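Fold and contact review
Here is how the chains run, residue by residue.
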Amino acid sequence: MARVPFHYIDLRAFSYETEDEARVEAALRTFLPEAFEVERAESRGHHGDRIVVRSARVERADDVRHVLAQVGAAPEYDRIFDELDDRITDNCELFLRFDKQAAFRGEVRLGSGITFRAKVEAYPAKREAALANARETLEAVRGVDDVESD
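These numbers were taken from a predicted model, which means no experiment stands behind them.

With that settled, the discussion passes to the overall build of the chain. Within the chain one finds 6 helices and 5 strands. Since a compact globule built from 150 residues should have a radius of gyration of about 15 Å, the 16 Å found for the chain is in line with a globular shape. Once the C-alpha set of the chain is aligned to its principal axes, its extents read approximately 50 × 30 × 25 Å. For the chain, with 150 residues in total, the buried portion stands at 45%. Expressed as a percentage of contacts within the chain between residues at least 6 apart in sequence, the contacts between residues at least 24 apart total 64%. If you sum the accessible surface of the chain, you get close to 8,400 Å²; carbon and sulfur atoms cover 43% of it. Side-chain charges of the chain comprise 23 positive and 32 negative groups, with the mean position of each set lying 4 Å from the other.

If you trace the 5 strands from one edge of the open sheet to the other, you get β2-β3-β1-β5-β4, paired in antiparallel fashion. With one partner strand each, in any of the chains shown, β2 (39-44) and β4 (93-99) form the two edges of the open sheet. With direction set aside, neighbouring strand axes in the sheet form an average angle of 20°. Sheet topology places β4 next to strand β5 (residues 113-120); 7 bridges connect them, and they run antiparallel. Opposite Phe95, over in β5, you have Arg117 as the bridge partner. Of the strands in this sheet, β1 (6-16), β3 (50-58), β4 and β5 are in contact with helix α2 (residues 61-72), which crosses β1 at around 60°.

For the structure on display, the rule yields 17 salt bridges. Note that Asp10 is salt-bridged to Arg57, the shortest N-O span being 2.7 Å. Here Arg57 lies in strand β3 and Asp10 lies in strand β1, a separation of 47 residues in the sequence. Classification of Arg57 by relative accessible area gives partly exposed; the value is 38%. The residue Glu83 makes a salt bridge to Arg87 at a minimum N-O spacing of 2.6 Å. Given the relative accessible area of 24%, Glu83 is considered partly exposed.

What follows concerns the environment of Thr89. Examined against the element boundaries, Thr89 turns out to sit in the loop between α4 (84-87) and β4. By relative accessible area, which is 25% here, Thr89 ends up partly exposed. The spacing of Thr89 and Ala129 is 40 residues in sequence and 11 Å in space, taken between C-alpha atoms. Leave out the neighbours within four places in its chain, and Thr89 touches Phe95 and Arg127. Here the side chain of Thr89 touches Asn91 through a polar contact of 3.1 Å, landing on its backbone nitrogen.

Within helix α1 (residues 21-29), the full set of buried residues consists of Glu21, Val24, Glu25, Ala27 and Leu28. Viewed along the axis of α1, the buried residues span an arc of 155°, placing them on a single side of the element. Where the residues of α1 are buried, they touch β1, β2, β3, α5 (100-104) and β5. Its side-chain oxygen placed 3.0 Å from the backbone nitrogen of Ala22, Asp20 serves as the N-cap of α1.

A word on the environment of Pro33. Summarising the element assignment, Pro33 is placed in the loop between α1 and β2. Separated by 106 residues in sequence, Pro33 and Glu139 have C-alpha atoms that sit 21 Å apart.

Conventions used here
- Residues numbered from 1 in each chain as written.
- Predicted model: local features only at pLDDT ≥ 70, side-chain atom pairs only at ≥ 80, totals over all residues.
- Heavy atoms only, no water.
- Helix = DSSP H or I, 4+ residues; strand = E, 2+ residues; numbered from the N terminus.
- Rg over C-alpha atoms; globule rule 2.2 N^0.38 Å.
- Buried < 20%, exposed > 50% of the residue type's maximum accessible area, 1.4 Å probe, protein only.
- Contact = heavy atoms within 4.5 Å.
- Areas by Shrake-Rupley, 256 points an atom, 1.4 Å probe, with all protein chains shown as cover.
- Lys, Arg positive; Asp, Glu negative; His and termini not counted.
- Charge placed at Lys NZ, Arg CZ, Asp CG, Glu CD.
- Pairing = 2+ DSSP bridges.
- Axes fitted to C-alpha atoms, helices over the stretch in contact; angles between N-to-C directions.
- Salt bridge = Lys/Arg side-chain N within 4 Å of Asp/Glu carboxyl O.
- Polar contact = N/O pair within 3.5 Å; in protein donor to acceptor, adjacent residues only side chain to side chain.
- Arc of directions from axis to C-beta.

Set out below in structure tokens:
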């Protein structure tokens, strides 16, 4: 995959008071290149409980390729590809959610706990162009040649 038509990928996970903050960061790192910087921000929940937000923005093409390769390794990859039309917004953003517990074990599975938001390159900035670029890139990530498109 030579060209990567993504401006950036944002990954985010919350660490609640009952969770081990280091384990949540480890789960997030399942998607990231080695030694990638993970930001930390503290917040308070509705009832005053501490919430730590771990996040990373991936912008370099090689790093984006790494994250996309992790997504391509998901057992539900075909489901992601099939639902692509529902996962891209009018703002040319691709949204996915991954299972935080599975990610801690080094597995990439759809679920909840880790939010994936990618800004898809599209000129002109239209949803249809973003969908075509995302579809082409995800085909290349998995090495699929014969996926039918709509």
